[in-house]
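Tertiary structure, described
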Amino acid sequence: MSHPVHSIMIRALLLVAALAPAVAGAQTSTASSDVEVLEASDIRWTGRITYEVAPGDTLGEIAEEYGVTVEEIRRWNNLRSDRINVGQSLVIRTRSSSSGTERVRTTYTVRSGDTGSAIARRHGVSVAELQRWNRNTNLDRLRIGQDLVVYVEDSGSGSTGSPQRGRLRGGVALESGTGFRVRNAERAYGTPSTVSFIRNGIARVTARYVEVPDLMVHDLSFARGGRMTPHASHQNGLDADITYFRTGVQDVCSWQDVEPRELDARLQWYLFRTWIELGVVEYIFVNFELQQPIYDYALARGASVEQLDEWFEYPERGSSGVIRHEAGHDDHFHIRFRNVQ
Ligand SMILES: [Zn+2]
């Protein structure tokens, strides 16, 4: 299955466009018609600030706030561990805004419960930057529906390195949406395309069928990617762990072992097919035994054996297929999306 990147992109955009009504109300408007390019930060550190540790702070939160890593803070301050004390001064390096990669201007519409720091964190920028871009806005008194300007790193260079050793730039937070809930917001960042494929793919199932239970989306990647235990991959915004559709579930399909007879093959097939036909899937890990009901359902609904051969490892163990066995995937499937830019 190889598709020229531009055709993948066009089909991806068509899906997104086709789904627009189903996802109306999506909160982050990354208005591509309104794109301006700003010369912005590179990996060069040019400035520094002194941060005084406040009660309740952790290195991880401070790192996130300033868009740096815990390792970097430790290195700049010669810290031997992650322990910090209230009142301690930490040096945080900041980046220049004059060389290297581009940032793209987007607008973000404030929602109920938003704070300036949460919005900054979600976009991988600092509160100071957010304030600078919105000079006349009091970030402590945000109004619902108000638009904020956010310059995000150009998503064109979203994913770098490999899923096993990679980073994520301009990562977008996947927030709970139509047909799914996100378990842990901090661990749910992906490339803009990964996030929209998940959102729109699941929304499409709910648009087609009635009484579809919510799926639970577990880990994608951290805001800036990098190692995420216990996974080997999940490092550059292309991977996601998602629960299976189970029959007889009213509310949410939680993370638990699923027997082949419990799997809702109809919904599962429709979801997988949506993504695979779009040409955006690298592979999907599904336990071998769980592939059977989905395969059988697809066959009964008229899919050809040749087509299913390309899509499933089942029925021949060890053969290739987009949907393939990898141990440990009886309580969730793992999908790796292609790096579509
Ligand atoms: Zn996974």
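The shown structure was predicted, so the numbers you read here are calculated from the model rather than taken from an experiment.

This part is about the overall build of the protein chain. When helices and strands are counted, the protein chain shows nine helices and 17 strands. Burial analysis of the protein chain (341 residues in total) assigns 38% to the buried set. Within the protein chain, counting contacts between residues at least 6 apart in sequence, those at least 24 apart form 71% of the total.

The end-to-end C-alpha distance of helix α8 (residues 288-300), which contains 13 residues, comes to 19 Å, matching closely the 18 Å that a straight helix rising 1.5 Å per residue would cover. Burial in α8 covers these residues: F288, L290, Q291, P293, I294, Y295 and A298. Elements that come into contact with the buried residues of α8 comprise α7 (265-277), α9 (305-311) and β16 (323-324). Phi for G302, located one or two positions after α8, is positive at around 105 degrees.

What follows is about the pairing of strand β13 (residues 239-242). Burial along β13 is two-sided: the face carrying D239 and D241 and the face carrying A240 and I242 are both buried. By the bridge criterion, four bridges tie β13 to strand β17 (residues 333-337) in an arrangement that is antiparallel. Residue D241 lies in a different strand from β17, and its bridge partner there is H334.

As a further point, take the environment of I73. Within the secondary structure, I73 sits in helix α3 (residues 70-76). Assessed through the 22 C-beta atoms surrounding it within 10 Å, I73 is described here as buried. Residues I73 and R93, 20 residues apart in the sequence, show an inter-C-alpha distance of 8.2 Å.

Quick look at the packing of helix α6 (residues 192-208) against α7 now. Two elements in contact, α6 and α7, have axes separated by 9 Å at closest approach and are oriented at 135 degrees. By the criterion of interaxial angle, the relationship of α6 to α7 is oblique. Where α6 crosses over α7, the handedness of that crossing is right-handed. Two secondary-structure elements touch here, α6 through F197, G201, I202, R204, V205 and R208 and α7 through L267, Y270, L271, T274 and W275. Of the residues in the contact of α6 with α7, the class split is seven nonpolar, two polar and two charged.

Cut-offs applied
Residues numbered from 1 in each chain as written. Predicted model: local features only at pLDDT ≥ 70, side-chain atom pairs only at ≥ 80, totals over all residues. Helix = DSSP H or I, 4+ residues; strand = E, 2+ residues; numbered from the N terminus. Buried ≥ 20, exposed ≤ 12 C-beta atoms within 10 Å, placed from the backbone. Contact = placed C-beta atoms within 7 Å. Expected span 1.5 Å × (residues − 1). Pairing = 2+ DSSP bridges. Axes fitted to C-alpha atoms, helices over the stretch in contact; angles between N-to-C directions. Parallel < 35°, antiparallel > 145°, perpendicular 65-115°, else oblique. Left-handed = near helix turned anticlockwise from the far one by under 90°. Nonpolar A, V, L, I, M, F, W, Y, C, P; charged D, E, K, R; others polar.

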